[in-house]
2 protein chains.
Amino acid sequence: MKDAHPTGPRVTLPHPAAKLPGSNPCAACAVRDRAICAVLDDSELEQLSGLARPSDLDVGRTVFFEGDDADSLYVLIAGALKLYKLLPDGRRQITGFLFAGDFLGLAFNEEYQFTAEALMPSRLCRLPRTKIEGLLPEMPKLASRLLNLAFTELASAQTQMLLLGRKTAQERLASFLLHLADRLAGQGDPVSLIHLPMSRADIGDYLGLTVETVSRGVTKLKSAGLIALRDGNYIQIQDRPGLEGVAGDL
Amino acid sequence: MKDAHPTGPRVTLPHPAAKLPGSNPCAACAVRDRAICAVLDDSELEQLSGLARPSDLDVGRTVFFEGDDADSLYVLIAGALKLYKLLPDGRRQITGFLFAGDFLGLAFNEEYQFTAEALMPSRLCRLPRTKIEGLLPEMPKLASRLLNLAFTELASAQTQMLLLGRKTAQERLASFLLHLADRLAGQGDPVSLIHLPMSRADIGDYLGLTVETVSRGVTKLKSAGLIALRDGNYIQIQDRPGLEGVAGDL
DNA sequence: TGGCCGATTTGACATAGATCAATAGCGAAA
DNA sequence: TTTCGCTATTGATCTATGTCAAATCGGCCA
């Protein structure tokens, strides 16, 4: 058996009743200074907090389905989600993974354009969409934050198109691991131990590959000494420059 | 030689000097009520018009390159553009095509995330990015229009990911033609005669295929009686339900 | 601790689409 | 109108990845 790693990031959901009566529950939010809320001052946050409804979600449960009326926006407080679209015959494309602090519900018009499903026990903060839209004119900081989020998402969607349209299986896999490492690092130091809350099948559906190809690819990266598999679905990046070489984009 | 089609949409660029001195040049703009400007009232348009600089572009010329400082936003007044990203070894992914009325310059942060190149002689309206950003707080209608645009783009990027990750060559091609037909139709009646300002190579780079596969695919759709090729790079959709069947998404 | 069940890995083979290689078509210039 | 050069089409192979199938692993529950 392999070593357990030092700091296993178990998801510890803050207790629902942890909010002090009368105080602003958002103020104590775990993602207070990462999510969209980060750009708001205390009085603005106060306004939002009245609208927010937290909710917990078990593995495999969906937040909403593609085609549902898009009446809510969400902030992911803890856990991880996958977003996906389906073809009628069941082929699936995962368009993204969400982690704590991420925003959910962009890309709506009237209906959600994808299904959002929990990869692990997760907690969300739910906001009524129309109310938020109503607040935007009075909260230009919020509006511009949303616009920036949308731009960032768009840029990363375009990067993903390049990956899906033009990269080989190995390149896709290496790019994916590096991308994950960078996202999990946030603004801190680059991270080399990555947790994979998603299955090989999910990775395949994200990269436009089959489970088998993903598995073979992981094995090959491992044999090349670029990564190592750790207990509990962790991957350790052992040779970042090497992995970047395989990823192929500059 | 085959028939010329009835209404060959030659690009006729309005003469640059067509603006009356003293009047608002935007008021007479060809895309006045399609582009982002459509949500603005006359006084707001007046403010913008002072910032706008028109410019013409020949086939093959670029508006900007991936990595350039993103200091301008653009509205495409006439013509067509392709947007693409490159890998170091020259592999290319076209992330989108733009037509008259479309907005260009979303998906910026500090640098453009893709190169924009003219597919035909085109005219653009250029706006300084920082000035526009400064106006957003005072023009919530413009801000919300941009947000909506970004959402729409995002949704279509996700649809494209599904196409690139999970569809067969024939499905991609059929989807592409239907998508083009719908875009060119705008809000009017569905269109069945589609102009293709882009080469087969461009279509391939958009769909994640090679030129040869695109060409074979077109031939196959033609043999099946779903489409017909017309003079001057036009394609006529002859059996829309049939084509939708091939496209495969519901 | 042992047994089960789904997830992962590995292997053998099939194929959609890529690659390499000729033509054939078509538009611009002379 | 003819020619030239690029673009598109078609054909003959090749290969990366998909498909089918069989272990093997690993987590969870009794």
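Residues numbered from 1 in each chain as written. Chains lettered and ligands numbered in written order. Predicted model: local features only at pLDDT ≥ 70, side-chain atom pairs only at ≥ 80, totals over all residues. Heavy atoms only, no water.

### Regarding the pairing of strand 4 (residues 80–86) of chain A
Each regular strand shows side chains that alternate between the opposite faces of the sheet.
Residue and element names in this part refer to chain A.
Reasoning step 1: Across the seven residues of strand 4, six count as buried, placing the element largely inside the fold.
Reasoning step 2: Of the strand pairs in this sheet, strand 4 and strand 5 (residues 92–99) are connected by seven bridges, and their pairing is antiparallel. Within strand 5, the position partnered with Leu 83 by the bridge is Gly 96.
Reasoning step 3: Pairing geometry for strand 4 and strand 7 (residues 115–118), over four bridges, is antiparallel. Bridge assignment links Leu 81 to a residue of strand 7, and that residue is Ala 118. (Buried < 20%, exposed > 50% of the residue type's maximum accessible area, 1.4 Å probe, protein only. Helix = DSSP H or I, 4+ residues; strand = E, 2+ residues; numbered from the N terminus. Pairing = 2+ DSSP bridges.)

### Let's talk about the domain arrangement of chain A
All names here are of chain A.
Reasoning step 1: Each assigned domain of chain A is listed here: domain 1 (25–163) and domain 2 (168–247).
Reasoning step 2: The C-alpha centroid of domain 2 is placed 25 Å from the C-alpha centroid of domain 1.
Reasoning step 3: The partner domain 2 presents 15 residues to the 15 residues of domain 1 that form the contact.
Reasoning step 4: Between domain 1 and domain 2 lies a buried interface of about 1400 Å² when both sides are counted; carbon and sulfur atoms form 59% of it.
Reasoning step 5: Considering only the surface of domain 1 that becomes buried against domain 2, Phe 97, Phe 99 and Leu 163 emerge as the three largest contributors, covering 45% of it.
Reasoning step 6: Counting every contact that joins domain 1 to domain 2 gives four salt bridges.
Reasoning step 7: Arg 183 is paired through a salt bridge with Asp 102; the nearest N and O atoms lie 2.3 Å apart.
Reasoning step 8: Put simply, domain 1 and domain 2 have 10 residue pairs in polar contact (both at pLDDT 80 or more) between them.
Reasoning step 9: Secondary structure elements with two or more residues in the side of domain 1 that touches domain 2: strand 4, strand 5 and helix 3 (140–166).
Reasoning step 10: Among the elements that take part in the side of domain 1 that touches domain 2, strand 5 stands out by supplying eight residues, more than any other.
Reasoning step 11: Partitioning the side of domain 1 that touches domain 2 into residue classes produces eight nonpolar, four polar and three charged. (Domains from an automatic or database assignment. Contact = heavy atoms within 4.5 Å. Buried area = accessible area lost by both parts, 1.4 Å probe. Salt bridge = Lys/Arg side-chain N within 4 Å of Asp/Glu carboxyl O. Polar contact = N/O pair within 3.5 Å; in protein donor to acceptor, adjacent residues only side chain to side chain. Nonpolar A, V, L, I, M, F, W, Y, C, P; charged D, E, K, R; others polar.)

### Considering the protein's contact with DNA strand D
Reasoning step 1: Close contacts around DNA strand D come from 16 residues, with Thr 213 of chain A together with Arg 200, Ser 215, Arg 216 and Thr 219 of chain B the closest.
Reasoning step 2: Counting only the atoms of DNA strand D that lie within 4 Å of the protein, the sugar and phosphate share comes to 62%.
Reasoning step 3: Side-chain polar atom of Glu 212 of chain A to a base nitrogen of DNA strand D: 2.8 Å apart, as the coordinates give it.
Reasoning step 4: In this structure, a phosphate oxygen belonging to DNA strand D sits 2.8 Å away from a side-chain N or O atom of Arg 200 of chain B.
Reasoning step 5: Residue assignment for the surface near DNA strand D shows that the elements contributing at least two residues are helix 6 (211–223) of chain A together with helix 5 (200–207) and helix 6 (211–223) of chain B.
Reasoning step 6: No other element matches the four residues that helix 6 of chain B contributes to the surface near DNA strand D.
Reasoning step 7: Partitioning the surface near DNA strand D into residue classes produces four nonpolar, seven polar and five charged. (Near = heavy atom within 4 Å.)

### Overview of the relation of the copies chain B and chain A
The operation linking the two copies of the chain is a rotation about an axis combined with a translation along the axis.
Reasoning step 1: Relative to chain A, chain B is turned by 180° and slid 0.0 Å along the rotation axis, the superposed coordinates differing by an RMSD of 0.0 Å. This pairing of chains is accounted for by a two-fold axis.
Reasoning step 2: Same-surface contact between copies: 100% of interface residues of chain B are shared with the interface of chain A. (Least-squares fit on C-alpha atoms with pLDDT ≥ 70 in both.)

### Points about the nonpolar core
What tends to happen in soluble globular proteins is that the nonpolar side chains get buried as a cluster.
Reasoning step 1: Membership of the largest hydrophobic core comes to 126 residues, with the highest contact counts inside it found for Phe 176, Met 198 and Leu 243 of chain A together with Phe 176, Met 198 and Leu 243 of chain B.
Reasoning step 2: If we skip the residues at most four places from it in the chain, Phe 176 of chain B touches Phe 97, Leu 196, Met 198, Ile 203, Tyr 206 and Leu 207 of chain B. (Core = buried A, V, L, I, M, F, W, Y, C linked by side-chain atoms within 4.5 Å.)

### Brief notes about the packing of helix 5 (residues 200–207) of chain A against helix 6 of chain A
Residue and element names in this part refer to chain A.
Reasoning step 1: Two numbers describe how helix 5 lies on helix 6: the axes approach to 8 Å, and their chain directions differ by 100°. With respect to helix 6, the element helix 5 is oriented roughly perpendicular. Across from Arg 200, Ala 201, Ile 203 and Gly 204 in helix 5, the residues of helix 6 making contact are Val 211, Val 214 and Val 218.
Reasoning step 2: Across the contact of helix 5 with helix 6, the residue classes tally to five nonpolar, one polar and one charged. (Axes fitted to C-alpha atoms, helices over the stretch in contact; angles between N-to-C directions. Parallel < 35°, antiparallel > 145°, perpendicular 65-115°, else oblique.)

### Concerning the protein's contact with DNA strand C
Reasoning step 1: DNA strand C sits among 16 residues. The nearest are Arg 200, Ser 215 and Thr 219 of chain A together with Ala 169 and Thr 213 of chain B.
Reasoning step 2: Counting only atoms of DNA strand C within 4 Å of the protein, the sugar-phosphate share comes to 65%.
Reasoning step 3: The side chain of Ser 215 of chain A places a nitrogen or oxygen atom 2.8 Å from a phosphate oxygen of DNA strand C.
Reasoning step 4: For the surface near DNA strand C, the elements supplying multiple residues, two or more each, are helix 6 of chain A together with helix 6 of chain B.
Reasoning step 5: Of the residues forming the surface near DNA strand C, the biggest block, four residues, is contributed by helix 6 of chain A.
Reasoning step 6: In the surface near DNA strand C, the residues fall into three nonpolar, seven polar and six charged.

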